[in-house]
Amino acid sequence: MSILVTGGAGFIGSHTVVELQNAGYEAVVLDNLSNSSKKSLERVETITGKVITFYENDINDRAALQKIFKTEKITACIHFAGLKAVGESVNKPWEYYQNNIAGTLVLVDEMRKNGIKNLIFSSSATVYGDPAFIPITESCPKGICTNPYGWTKSMLEQILTDIQTADPEWNIILLRYFNPIGAHKSGTIGEDPNGLPNNLMPFITQVAVGKLPELGIFGNDYDTPDGTGVRDYIHVVDLADGHVKALKKIDEKCGLEIYNLGTGTGYSVLDIISNFEKVTGIKIPYTIKPRRSGDIASCYANADKAKTELGWKAKYGISEMCADAWNWQSKNPEGYQ
Ligand code: NAD
Ligand code: WQD
């Protein structure tokens, strides 16, 4: 049984390919390498000892998709491919809507033309906007997104829901990720952002490895226990495992389902720094900066639905997330370069 993994060379995709191969699935990866390196896939092959069929193509390329669906025995698609930089999306909205939304429409069209109607989509807790309540359940109303990237996820959720309603042969699972961090235990694959990291953990690891002088904390006057932003950080290997569990749910012909993938525990920025320092013994210098536009105070999941219906629960805690992120960064100070 082959699974098409779009964006499979990226951070979450590469970790998911490991878990897929370990679970006995054949992985076919399609990635245009716009934000990743082919080396990640070579390293996945070393971890699992299994071969990955790789297509260096774009999800907007119909001819490439047709070739893949004719050549490979694809039964389902896990769709990670997309642009994800929040700030960049504010300056390049057309590029984000074109790549993420138009690209997904092409992918889904070619899937249905080839009779493949099983899809797992990478969504995000960003669709909740400033959440109406926390911990956030899947029935929490979707909110106002603060950037075009977030809107691509919110709109694609609606588009995919409408497609499944019109044609109930589709099985579509929308996975709303909280804040994925960490890396595979081997330290050979991990997060490799281009330029200055936008996200907290890669920023911290780059300070720790000496590439950046200090961390800026975006605000310490939020309505949280220590004033800094609280998030639900989840180990990327747990997240990857969630996709394997979701594939099993698709085998049951689940129709349209939505699951939060988080741990259910919120940590502040200062909590993350102190846990990282404790695990690694490295001091992270920081200064308090103004709030970052679009940030919210607190965001963490109620992930009970995934536990009950998928049999999935995060196994790794914050110490392992910090240790594994550092293991990757310290072994690969320049990422995949
Ligand atoms: P990533 O950038 O590491 O991986 C995305 C991959 O998609 C990259 O390898 C990139 O080259 C590829 N890609 C982009 N556009 C493409 C296109 N048009 N055709 C083919 N390949 C294309 O990002 P990630 O962190 O692994 O995220 C994977 C998915 O999960 C994304 O859809 C992202 O929006 C979503 N997500 C990520 C987070 C997070 O914090 N990392 C949180 C929630 C949701
Ligand atoms: C976490 C906390 C920051 C960097 C983003 C996207 C979201 C999703 C996950 C894709 C916040 C603080 C950060 C820094 C800091 N991605 N921070 N200094 O903003 O929760 O979510 O990634 O879907 O859509 O918005 O994650 O890691 O950027 O920030 O103080 O240099 O760390 O203010 O409180 P965020 P993050």
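Refer to the structure presented above.
Residues numbered from 1 in each chain as written. Chains lettered and ligands numbered in written order. Predicted model: local features only at pLDDT ≥ 70, side-chain atom pairs only at ≥ 80, totals over all residues. Heavy atoms only, no water.

1. Thoughts on the site of ligand 2
So, point 1. Surrounding ligand 2, one finds 19 residues, the nearest of these being Y149, L200, G216, R231 and D295.
So, point 2. Within the contact set of ligand 2, a nitrogen atom lies 2.8 Å away from a backbone nitrogen or oxygen of G216.
So, point 3. Here F218 contributes a backbone N or O atom positioned 2.9 Å from an oxygen atom of ligand 2.
So, point 4. It is strand β8 (residues 215-218) that contributes the most residues to the shell around ligand 2, four residues altogether.
So, point 5. Partitioned by chemical class, the residues of the shell around ligand 2 number nine nonpolar, seven polar and three charged. (Near = heavy atom within 4 Å. Polar contact = N/O pair within 3.5 Å; in protein donor to acceptor, adjacent residues only side chain to side chain. Helix = DSSP H or I, 4+ residues; strand = E, 2+ residues; numbered from the N terminus. Nonpolar A, V, L, I, M, F, W, Y, C, P; charged D, E, K, R; others polar.)

2. Topic: the sheet that holds strand β1 (residues 2-6)
So, point 1. One open sheet holds the seven strands; their spatial order is β3-β2-β1-β4-β5-β6-β11, and the pairing between them is parallel. On the outer flanks of this sheet lie β3 (53-55) and β11 (256-261), each paired with one strand and no other. Put simply, the sheet's adjacent strands are angled 20° from each other on average, direction ignored.
So, point 2. Judged from the three bridges that link them, strand β4 (residues 74-79) and strand β5 (residues 118-124) form a sheet pairing that is parallel. If you follow H79 over to β5, its bridge partner there is F121.
So, point 3. Packed onto the sheet, helix α8 (residues 236-251) meets β1, β4, β5, β6 (171-177) and β11 and runs at close to 160° relative to β6. (Pairing = 2+ DSSP bridges. Axes fitted to C-alpha atoms, helices over the stretch in contact; angles between N-to-C directions. Contact = heavy atoms within 4.5 Å.)

3. Let's talk about the site of ligand 1
So, point 1. In the vicinity of ligand 1, 26 residues are found, and the nearest of them are D31, N35, S36, F80 and Y149.
So, point 2. At a separation of 3.1 Å, an oxygen atom of ligand 1 approaches a polar backbone atom of S34.
So, point 3. Contacts to ligand 1 include S36, whose side-chain N or O atom sits 2.7 Å from an oxygen atom.
So, point 4. Summarising the interface, the protein chains cover 95% of the accessible area of ligand 1, which totals 810 Å² for the free molecule.
So, point 5. Residue assignment for the shell around ligand 1 shows that the elements contributing at least two residues are α1 (11-22), β5 and α6 (148-166). (Areas by Shrake-Rupley, 256 points an atom, 1.4 Å probe, with all protein chains shown as cover.)

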